[in-house]
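Coordinate inspection notes
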Amino acid sequence: VDRGGETLGRGTARMMLRGVVMLVAAACGEAWLSAPPSSSFVLGRHSLKTGAFCASCPGVGGLERIPRTPLKMVLADDKGQASEVVWWTVKYKGHQEAAAMDEEDLSVFEDVVELGRLLGGTGKAKMVWESLRCGLSPWENTEGVTEKARTLLERSFLRIPAVSLESVAVDGTTKMLVDFEDGLQVESVVIPNQGRPSAQGVVEPRTTLCVSSQVGCNRACDFCATGKMGFIRQLTSHEILSQVFHGLRVVRERNLPPLHNIVFMGMGEPLNNPLNVMRATDILTQDKCFGFARSRVTVSTVGPSPAAIRAAGDMPAMLAWSVHAADDELRRKLVPTTAHSMEELRDTFKSVLSKRSRQMSTFMVAVTLIHDLNDGEEQADALVELLRPIQEVVKGLVIDLIPYNDIGEVAYERAGKDNVGAFQRRLRDAGFACFVRVTRGDDDNAACGQLATGVTATPTPGTS
């Protein structure tokens, strides 16, 4: 390992390699990186912050501070294909996370301290964040951002991806098509709620934003349009947070109720993109950045593996589990990539939730109800048995029933109102809080399970 003519010790090099392998393994799910002995690791020229890659990982210790130096790695796979990656480490609650980024392109979505360092002063950083929170581009905001700061943004920072299409459903739901530099796109959805009476009083008008974490998805849920796309690529934290910026912009331009909730329920499986989702939730919940309460940010997952669920325990966000079926065989039919029993996934969620604070242990379980498939009383009873152990440790357990939204699959149709009502009563009689989600934006293919863009994954030769 060479840094400007200086050689780091073998122990530090091995430590870096173990950290990289763990990061890649976490990002890729069950996949592992195979790097031959000839792989080289070269340190570049910006900033690697101090700390361990993972404080809880055995055998991975702390790294000494290397001023203004990101970690640049040239890795070769088992076929000899070499690729260069730059890892920029970011501090989160004493842990060290990392996200790959182009070393010459900086993101405006940095915390105030780091953005202040990049712009030459925290005053400039605060002006930029005030603009972002209002949904105003700091590049064009001549009244709120100084000319010097705007010049620096133009020179060194990635632009916020543009929205090429906004469509509004009959109920006011707005679907945004976000374009990225490589020509790929994702959809995100702005869902206004004008308020309603409830048992606790009147729910104030508010808006929810549903964001995407990947282009496509590799979970292959059979009833989901995104799952039919296959996995294309991960979104960076910059691309994820750009959707939040546009959500704030739409709220301002359309005079909608204030943006209150952010839900990672759009395209992609968030826990298969853990580093970028962790980074995004961190910036979302920092007071001087977007400033959302942690209880107002929800990361929803099918639960790819126990390891992925455990890794999500430190996210500054609420967790939600897309169950869809308690029975293992039926679950594999609906979510073909299911590799672990529902009991094993349940026990992992129980363990993670039991270690969280009472405020952060609120837990939502989602079930998409499909006619004559998973909407019967037998499936409701199986769900009760599956979730009973979680109910013992989580006081804020809520079950969200989602009537299936049509994606053109002939084999599936929405569960009838009678079956949905009976399913809900069965769960409530068993002592669970259970609600039926009001379908929003389905006339514009903006409802749950309907998000997709006009691209599908290209199969790799020799794989299935």
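Structure report, in brief. (Residues numbered from 1 in each chain as written. Predicted model: local features only at pLDDT ≥ 70, side-chain atom pairs only at ≥ 80, totals over all residues. Heavy atoms only, no water.)

Things to note about the nonpolar core
With 89 residues, the main nonpolar core has Ile262, Phe264, Phe290, Trp321, Phe363 and Leu387 as its most contacted residues. If one sorts the elements of this core by residue count, helix α6 (residues 237-253) sits on top with seven residues. Counting eleven residues, the second largest nonpolar core, distinct from the first, contains Phe223, Cys224, Leu330 and Ile370. (Core = buried A, V, L, I, M, F, W, Y, C linked by side-chain atoms within 4.5 Å. Buried < 20%, exposed > 50% of the residue type's maximum accessible area, 1.4 Å probe, protein only. Helix = DSSP H or I, 4+ residues; strand = E, 2+ residues; numbered from the N terminus.)

Overview of the packing of aromatic side chains
Scanning all chains against the criterion turns up six aromatic pairs. A centroid spacing of 4.9 Å and a plane angle of 85 degrees characterise the contact between tryptophan 129 and phenylalanine 290, whose relative ring orientation is edge-to-face. Pair noted here: tryptophan 129 is in helix α3 (residues 122-133) and phenylalanine 290 is in the loop between α7 (274-285) and β18 (297-301), with a separation of 161 residues, a long-range link. Just as tryptophan 129 is buried, phenylalanine 290 falls in that class too. Lying across the ring of phenylalanine 435, arginine 428 places its NZ or CZ 5.7 Å from the centre. (Phe/Tyr/Trp six-rings, centres within 6.5 Å; stacked < 30°, edge-to-face > 60°. Lys NZ or Arg CZ within 6 Å of the ring centre and 35° of its normal.)

With respect to the pattern of salt bridges
Scanning the entire structure with this criterion turns up 17 salt bridges. For aspartate 400, the salt bridge identified is with arginine 437, shortest N-O distance 2.6 Å. One end of the pair, aspartate 400, is in strand β21 (residues 397-403); the other, arginine 437, is in the segment after β22 (433-436), and 37 residues separate them in sequence. Residue class for aspartate 400 comes out buried when judged on its relative accessible area of 9%. (Salt bridge = Lys/Arg side-chain N within 4 Å of Asp/Glu carboxyl O.)

A look at helix α12 (residues 417-429)
An ideal rise of 1.5 Å per residue puts 18 Å on 13 residues; α12 measures up with 18 Å between its terminal C-alpha atoms. Here α12 has its buried residues at Val420, Gly421, Ala422, Phe423, Gln424 and Leu427. Contacts from the buried residues of α12 go to β20 (363-369), α11 (377-393), β21 and β22. Phi turns positive, to about 95 degrees, at glycine 431, one or two residues after α12. (Expected span 1.5 Å × (residues − 1). Contact = heavy atoms within 4.5 Å.)

Observations concerning the packing of helix α10 (residues 342-354) against α11
Helices that pack against each other are described as a pair by the angle of their axes relative to one another and the distance between those axes. Viewed as axis vectors pointing N to C, α10 and α11 meet at an angle of 10 degrees, and their least axial separation amounts to 9 Å. Judged by the inter-axis angle, α10 sits roughly parallel to α11. Across the interface between the two elements, Met342, Glu343, Arg346, Phe349, Lys350 and Leu353 of α10 pack against Glu385, Leu386, Pro389, Ile390, Glu392 and Val393 of α11. Split into classes, the residues belonging to the contact of α10 with α11 amount to seven nonpolar, no polar and five charged. (Axes fitted to C-alpha atoms, helices over the stretch in contact; angles between N-to-C directions. Parallel < 35°, antiparallel > 145°, perpendicular 65-115°, else oblique. Nonpolar A, V, L, I, M, F, W, Y, C, P; charged D, E, K, R; others polar.)

A closer look at the side chain of aspartate 375
Tracing the backbone shows aspartate 375 in the loop between β20 and α11. Salt bridges are absent for the buried aspartate 375, whose nearest opposite-charge side chain, arginine 414, sits at 11 Å. At 3.0 Å, the side chain of aspartate 375 and the backbone nitrogen of aspartate 372 are in polar contact. Of the polar contacts made by the side chain of aspartate 375, one reaches the side chain of asparagine 419; its length is 2.8 Å. Other than its neighbours up to four places away in sequence, aspartate 375 contacts Leu369, Ile370, Ala415, Asn419 and Phe423. (Lys, Arg positive; Asp, Glu negative; His and termini not counted. Polar contact = N/O pair within 3.5 Å; in protein donor to acceptor, adjacent residues only side chain to side chain.)

Quick notes on the sheet that holds β20
Whenever strands of a sheet pair, they do so through backbone hydrogen bonds, lying parallel or antiparallel. Pairing within the open sheet is mixed, and its ten strands lie in the order β9-β10-β11-β14-β17-β18-β19-β20-β21-β22. Only two strands of the sheet have a single neighbouring strand rather than two, namely β9 (163-168) and β22. Strand-to-strand twist in this sheet, taken as the mean axis angle between neighbours without regard to direction, amounts to 20 degrees. Two elements, strand β17 (residues 259-264) and β18, share three bridges in a ladder whose sense is parallel. When the bridges of β18 are listed, valine 263 appears paired with threonine 298. Here α6 sits on the sheet in contact with β9, β10 (174-179), β11 (185-193), β14 (206-210) and β17, set at roughly 135 degrees to β10. On top of the sheet, α12 reaches β20, β21 and β22; it is set at about 165 degrees to β22, its chief contact. (Pairing = 2+ DSSP bridges.)

Digging into the pairing of β14
β14 sits mainly inside the fold: four of its five residues count as buried. As judged from the five bridges shared by β11 and β14, these two strands associate in the antiparallel manner. Bridge assignment links valine 189 to a residue of β14, and that residue is cysteine 210.

Side note on the environment of arginine 133
Relative to the assigned elements, arginine 133 resides in helix α3. Note on arginine 133: relative accessible area 31%, which makes it partly exposed. A C-alpha to C-alpha distance of 7.0 Å links arginine 133 and leucine 248, two positions 115 residues apart in sequence. Once residues within four sequence positions are removed from consideration, arginine 133 is found in contact with Leu248, Asp287, Lys288, Cys289 and Phe290. At a separation of 2.7 Å, a polar atom in the side chain of arginine 133 contacts the main-chain carbonyl oxygen of cysteine 289.

A closer look at the state of the cysteines
Evaluated as defined, the whole model comprises zero disulfides. A disulfide-free cysteine, cysteine 221 has its sulfur positioned 5.9 Å from the sulfur of cysteine 224, the nearest such atom. We classify cysteine 221 as buried; its relative accessible area is 9%. By relative accessible area, cysteine 224 is classed as buried at 16%. (Disulfide = S-S within 2.5 Å.)

Focus: unusual backbone geometry
Not every positive phi belongs to a glycine, and alanine 220 is a case in point at roughly 60 degrees. With respect to the helices and strands, the residue alanine 220 is situated in the loop between β15 (214-216) and α5 (225-229). Residue classification places alanine 220 among the partly exposed positions, given a relative accessible area of 28%.

Details of α10
Spanning 13 residues, α10 covers 18 Å between terminal C-alpha atoms, matching the ideal 18 Å at 1.5 Å per step. Of all the residues in α10, the buried ones are Met342, Leu345, Arg346, Thr348, Phe349, Val352 and Leu353. Each buried residue of α10 lies within a common arc of 160 degrees when the element is viewed along its axis, so the set occupies one face. Close packing links the buried residues of α10 with β18, α8 (306-311), β19 (318-322), α9 (328-334), β20 and α11. (Arc of directions from axis to C-beta.)

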